Amino acid sequence: MALQRQVGYILLVIVLGLIAFGLVMLFSTSAPYATHNGGEVYYNLKRQAMWLGVGAILCVTMSRLDYHLLVRYAPYGVAAAVFLLLLVFVPGIGKKVNGAYRWISIAGMNFQPSEFAKVALIFFLAWWMSKHQRHAGDILKGFLIPAAVVGGLCVLVMFPRLHFRQGDLGAAAMLVLIFAVVMFCAGAKKRYLFPVPIVGLIGLMTMAYFMPAKRGRFFAFMDPEKFRETSAYQVWQGLIALGSGGLNGLGLGNSRQKMFYLPEASTDCIFPIAGEELGMWVALAVVTAFLVLVLASGWITISAPDPTGVFLGIGITTMLGVQALINLAVVTSMMPNKGMPLPFISYGGSNLLVCLAAVGVLFNIQRQGTYETPNGNEELLPPRTSPRM
Amino acid sequence: MNHRQRALYVIVFLAFGFTLVSLRLVQIMLVDHEKYQDLAINNHLRRIELPPHRGAIVDANFNTLAQTRIINDIYLDCQDLKDPEETLKQIASILELPADQLIKSYNPEARYLPLRKDVEEKMVLALRELKVRNLIFKETSVRSYPNGAHASHLIGFLGDDNRGASGIEKQMNSYLRGIPGELWIEKDRKGKEIAAYRRKDLPPVDGMQVALTIDLSIQHIIEDQLDKLVQKYQPAGAFVIVMRPRTGEILAMANRPTFDPNERRGAKPDQMRNRCLTDTFEPGSTFKAVSIAAAINEGVVTLGTPIFCENGEFYYGGFTLHDHERYGMLTVREVIAKSSNIGTGKIALMLGQDKLFPYLQAFGFGRVTGILARQGESAGILRPLSQWSKVSITRVPMGQGVAATPLQMINAMSAVANGGALMTPRIVKQVNDSAGRVVEIYSPRMVRQVIAPSTARMMTQSLEDVVSDQGTAQAASVPGFTVAGKTGTAQKFVNGEYSKEKYVASFIGYLPAENPQFVMLVMVDEPKGKQYYGGQVAAPAFAEMSKKIVQCLNLEPKKETAGVTQAKL
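Computed from a predicted structure; not experimentally measured.

Scoring rules and cut-offs
- Every chain is numbered on its own, with residues counted from 1 as its sequence reads.
- By the order in which they are written, chains take letters starting at A while ligands take numbers starting at 1.
- A pLDDT threshold of at least 70 governs which residues receive local features in this predicted model, and a stricter bar of 80 or more applies before side-chain atom pairs are shown or counted, although totals over entire chains, interfaces and linings include all residues.
- Think of the side-chain values as coming from all heavy atoms in the structure, minus any hydrogens and water.
- Here a strand pair is declared whenever DSSP counts at least two bridges between the two strands.
- By definition, any uninterrupted DSSP run of H or I lasting at least four residues is a helix, any uninterrupted run of E lasting at least two residues is a strand, and each is numbered from the N terminus.
- Note on geometry: axes are lines fitted to C-alpha atoms, helical ones only across the stretch in contact, with angles between N-to-C directions running from 0 to 180 degrees.
- In what follows, a contact means two residues having at least one pair of non-hydrogen atoms within 4.5 Å.
- Only buried Ala, Val, Leu, Ile, Met, Phe, Trp, Tyr and Cys residues count toward a nonpolar core, and they belong to the same one when joined by side-chain atoms within 4.5 Å.
- Note on classification: 1.4 Å probe, protein chains only; a residue is buried when its accessible area is under 20% of the maximum for its type, exposed when over 50%, partly exposed between these limits.
- Two parts placed together each lose some accessible area; with a 1.4 Å probe, that loss summed over both constitutes the buried area.
- Salt bridge, as used here, is a side-chain nitrogen of Lys or Arg placed within 4 Å of a carboxyl oxygen of Asp or Glu.
- Each angle gets one of four labels, with under 35 degrees taken as roughly parallel, over 145 as roughly antiparallel, 65 to 115 as roughly perpendicular, and the rest as oblique.
- For any helix crossing, the convention is left-handed if the near helix is rotated counterclockwise from the far helix by under a right angle, and right-handed if that rotation is clockwise.
- Classification convention: Asp, Glu, Lys, Arg as charged; Ala, Val, Leu, Ile, Met, Phe, Trp, Tyr, Cys, Pro as nonpolar; all other residues, Gly among them, as polar.

## Topic: the sheet that holds strand β9 (residues 237-244) of chain B
Residues and elements named next belong to chain B.
Here is step 1: Sheet architecture is open: 5 strands sit in the order β10-β9-β21-β20-β19, paired in antiparallel fashion. Across the chains shown, the open sheet's two edge strands, defined by having one partner strand only, are β10 (249-256) and β19 (484-494). Across the sheet, the axes of successive neighbouring strands diverge by a mean angle of 10°, strand direction being ignored.
Here is step 2: In this sheet, strand β21 (residues 518-525) lies alongside β9 in antiparallel orientation, the contact comprising 7 bridges. Residue pairing for β21: phenylalanine 239 is matched across the bridge by methionine 523.
Here is step 3: On top of the sheet, helix α19 (residues 534-552) reaches β9, β19, β20 (497-511) and β21; it is set at about 25° to β20, its chief contact.

Below, the structure written as structure tokens:
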């Protein structure tokens with residue numbers, strides 16, 4: 001079917017559309033900050049464009065490189081991720097942003113190693129589970145060894161500078177979620193997997209208990225108005241932004257809430273500003289675009305030629321989809337406030353880079369994918385049906 | 001169940017999540033839109049009130065009595081100050097501050113460095129020319145009264161809420177205050193205006209100018225004279241009121257003790273009370289003019305009617321009435337000139353209390369004049385006839401057992417000077433808006449014709465005699481003008497009896513007698529020393545002031561009359 005073959009194009013159009021939309025909104029949200037600080041109006045836009053350039057190259061490269069080849073190097077990827085996460089601990093390279101050491105700074109470019117760790121983990125799980133498919137039900141190979149890897153990464157992500165108050169709970173939760181989904185698809189025993197979210201939840205509660213800064217955040221989402229001056233300030237201002245936008249919005253560039261009322265207006269909270277300026281229809285269109293993105297990448301996943309492709313695909317779909325979902329759910333006050341960027345739209349280089357690389361991998365899977373022909377036979381996709389990049 | 005099927009579950013689960021988000025978005029952006037819109041408006045929309053300038057109070061010749069000055073306190077936000085040394089030098093030269101000292105006090109961290117207070121408009125304009133964004137101007141308006149304590153009771157002052165608290169400031173507050181303007185702006189969270197979203201801009205309407213009937217030069221004359229009186233007699237109080245009989249306009253009014261509205265801190269309520277309106281006194285002999293005018297108007301007596309004055313002792317109603325000199329036969333005219341108590345009492349007996357009382361009311365006693373509303377003006381004491389004792393008919397006509405404010409006294413005398421027509425005393429002449437257009441003009445208002453013009457003429461004739469070698473107030477005469485007037489020396493009623501030490505000395509007179517241009521009351525409450533008669537204390541002060549006032553009012557002395565007066569002297 002034509003549509004089946006066009007799925008790569010659909011994905012491409014959605015991603016390009018989201019990026020373009022993101023750049024417009026980034027300019028709209030970052031200009032007031034730049035003007036206020038006496039900086040250059042295009043500063044953030046230029047930086048984002050630079051990352052976009054690197055990301056585009058990476059995306060094309062990944063779509064050209066056979067993922068079977070890449071998957072073989074997955075263990076090295078995990079080693080690299082561990083190395084990068086450890087770099088955060090090196091003074092002079094590790095960088096503190098918003099009070100947390102989550103970044104490494106090389107040649108003026110700030111990079112968040114936890115973003116890279118997500119992709120490395122997806123590749124590692126795909127490699128491991130396709131290698132040990134027959135032992136997927138085992139406790140050791142089908143659960144404990146991959147769990148150990150995830151646990152190790154989580155520890156590194158959560159405790160930078162050996163001071164867990166500055167840890168990145170969101171990234172750790174994301175890693176666990178990717179692990180759970182890929183393991184589920186790979187056929188791991190449910191009785192091993194089920195406790196994971198429960199243990200994770202208990203762990204999260206304990207963490208929240210020990211981090212007073214985050215404890216308040218945790219339950220504030222249920223009644224943001226009550227906590228609007230304290231822990232739910234950001235969510236509350238985000239709701240005001242969205243709500244005041246109404247059906248048609250205040251017009252592009254006319255957001256009032258971006259005038260320092262809503263913190264993180266160009267990163268985590270870019271979506272409420274978009275809603276305020278452009279209105280409900282555009283906001284719904286963005287949500288729909290993410291839905292289509294998930295469906296398209298899901299389609300690619302399901303029609304992957306082999307289990308490795310399925311695991312990679314579902315891992316990437318989860319990474320992109322859950323990030324978007326968490327971001328949207330947080331700004332609409334449907335879940336506790338967890339700093340999570342909106343893929344392709346939020347300002348931030350490492351996330352964009354990783355997302356673009358992941359989309360590149362999806363293109364590669366789609367390129368090698370099998371599709372049902374009208375007569376019911378599965379066949380490989382003929383050449384040149386994926387976007388030529 | 002293979003991998004792909006499981007993957008499908010995950011995808012369906014995710015898709016479900018996005019659907020939920022969409023529904024939630026519709027709830028926030030469509031259903032609750034108005035609630036959040038209000039909250040957003042509450043966040044950034046601000047109303048800024050633009051205060052109007054309070055109008056000035058001026059005298060009849062548009063000399064300033066009260067004005068609002070804008071002064072600025074200037075501060076410097078030292079953060080991100082470009083080229084601090086050079087800028088500071090420029091600022092210092094404009095503000096006339098030592099430059100090196102300013103540079104020394106400069107602290108790059110300070111956000112609110114005070115530079116100078118009370119800076120005048122000119123310097124502010126020069127500073128604004130510099131276009132240094134770090135300068136902070138704090139504008140405050142100050143009400144100032146350039147004439148200090150002069151006429152302070154009349155002009156009044158502002159309360160802490162910048163509304164008129166007394167005097168004209170209170171009476172005319174609604175005209176003076178102006179209408180505040182407003183500015184609707186949108187602010188970012190740092191409090192800075194977002195210029196692109198400025199809304200309607202309504203400029204303030206400045207307050208109106210209120211012109212009083214006061215003549216500042218006359219006011220200065222009476223204030224200076226009061227200072228002399230206070231120095232000489234150390235009285236408990238002293239009052240001068242100058243009025244124009246034809247119109248009822250107050251030309252000047254002053255009290256002692258007094259206060260400076262510019263330095264109101266520490267001033268006691270005692271000093272700030274406008275006693276000309278709030279305090280009542282037994283008028284004493286000045287009241288005789290009123291009583292005898294009633295008798296003449298009723299045709300009971302004429303100026304020539306002889307009255308036997310009982311040689312100084314008149315026994316009536318169980319009490320003896322005394323005169324300060326023993327008089328035999330006096331005409332009515334002489335009774336007034338010599339201020340005979342017995343004569344006045346007998347004339348009143350001839351008239352009868354039922355006929356006297358309505359005249360006292362008609363002259364305005366026992367009723368407020370309403371010159372300054374709700375400022376404690378007293379109505380005085382005029383007991384109804386039912387409360388009069390048997391001797392009241394002999395005591396009230398000579399100003400005992402009745403009390404009046406100085407303003408009531410002068411107003412009654414003014415009616416005599418004005419051919420018998422009682423006028424409403426007026427203090428506000430006109431109101432102009434800030435552009436100088438006339439908003440309101442207050443015209444003279446007659447209350448009633450109290451006595452016939454012919455009676456008034458007769459009264460003036462006999463009041464002229466008071467200010468002659470025949471009368472009690474020779475000291476009140478003014479060369480070149482015929483003065484008509486009446487003295488008063490009232491014993492103060494202390495602890496149930498009339499004091500032998502505390503007096504109120506007064507004189508009310510007007511000139512020129514044939515065409516009165518002003519009537520003036522001089523009253524000294526409890527003068528210390530041996531002199532306490534109205535003719536001794538108040539009359540000379542009257543003369544001294546009148547000599548100056550006739551010049552202020554450009555009154556021509558009459559040649560032949562001047563000769564006559566001088567001959568009499």
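On we go from here.
## Considering the nonpolar core
Note that soluble globular proteins tend to have their nonpolar side chains buried in a common cluster.
Here is step 1: Counting 126 residues, the largest nonpolar core has A:Leu11, A:Phe271, A:Phe290, A:Leu312, A:Met319, A:Phe344 and B:Leu25 as its most contacted members.
Here is step 2: Looking at this core, the element that brings in the most residues is helix α12 (residues 270-302) of chain A, giving 15 residues.
Here is step 3: B:Ile155, B:Ile168, B:Ile214 and B:Val301 belong to the second largest nonpolar core, which has 123 residues in total.

## Observations regarding unusual backbone geometry
Residues and elements named next belong to chain B.
Here is step 1: Proline 257 follows arginine 256 through a cis peptide bond whose omega is 0°.
Here is step 2: The topology assignment puts proline 257 in the loop between β10 and α10 (269-272).
Here is step 3: Each neighbour pair has its own omega, and for leucine 511 with proline 512 the value is -15°, a cis peptide bond.
Here is step 4: By the element assignment, proline 512 lies in the loop between β20 and β21.
Here is step 5: A positive phi angle, close to 65°, is found at phenylalanine 62, a residue other than glycine.
Here is step 6: Position of phenylalanine 62 relative to the elements: it lies in the loop between β2 (57-58) and β3 (64-76).
Here is step 7: One non-glycine residue, glutamate 96, lies in positive phi territory at about 55°.
Here is step 8: Looking at the element boundaries, glutamate 96 is found in the loop between α3 (84-95) and α4 (99-105).
Here is step 9: Overall, glutamate 96 belongs to the exposed group, its relative accessible area being 61%.

## A look at the interface of chain A and chain B
Here is step 1: Facing the 62 residues of chain A at the interface are 39 residues of chain B.
Here is step 2: Where chain A abuts chain B, roughly 4,300 Å² becomes buried across the two surfaces, and 74% of that area is made up of carbon and sulfur atoms.
Here is step 3: If you sort the residues of chain A by the area they bury against chain B, A:Arg256, A:Tyr261 and A:Ile302 come out on top, with a joint share of 15%.
Here is step 4: At the boundary of chain A with chain B, the tally comes to 1 salt bridge.
Here is step 5: B:Glu186 is the partner of A:Arg256 in a salt bridge, and the nearest nitrogen-oxygen pair spans 2.4 Å.

## Quick look at the sheet that holds strand β6 (residues 181-186) of chain B
Residue and element names in this part refer to chain B.
Here is step 1: Across the sheet, 3 strands lie side by side as β1-β6-β7; this open sheet has antiparallel pairing. This sheet does not close on itself; its edge strands, each paired only once, are β1 (45-50) and β7 (201-202).
Here is step 2: Inspection of the sheet shows β6 paired to β7 by 2 bridges, in the antiparallel sense. Within β7, the residue paired with leucine 183 across the bridge is aspartate 201.
Here is step 3: Docked against the sheet, helix α2 (residues 33-44) engages β1 and β6, running at close to 45° with respect to β1.

## Some words on the pairing of β19(B)
All names here are of chain B.
Here is step 1: Relative to β20, β19 is paired through 10 bridges, and the arrangement is antiparallel. In the sheet register, threonine 487 faces β20, and the bridge partner there is phenylalanine 507.
Here is step 2: Hairpin connection from β19 to β20: 2 residues lie between these consecutive antiparallel strands, with asparagine 495 at a positive phi of about 50°.

## Quick word on the packing of helix α9 (residues 216-233) of chain B against α19(B)
All names here are of chain B.
Here is step 1: Interaxial distance between α9 and α19 falls to 10 Å at its minimum, and their mutual angle equals 155°. Here α9 lies roughly antiparallel to α19, going by the angle between them. Once α9 is placed against α19, the crossing between them reads as right-handed. Contact residues: α9 offers Ser217, Ile218, Ile221, Ile222, Gln225, Lys228, Leu229 and Tyr233, while α19 offers Gln536, Val537, Ala541, Glu544, Met545, Lys548, Ile549 and Cys552.
Here is step 2: Residue composition of the contact of α9 with α19, by class: 10 nonpolar, 3 polar and 3 charged.

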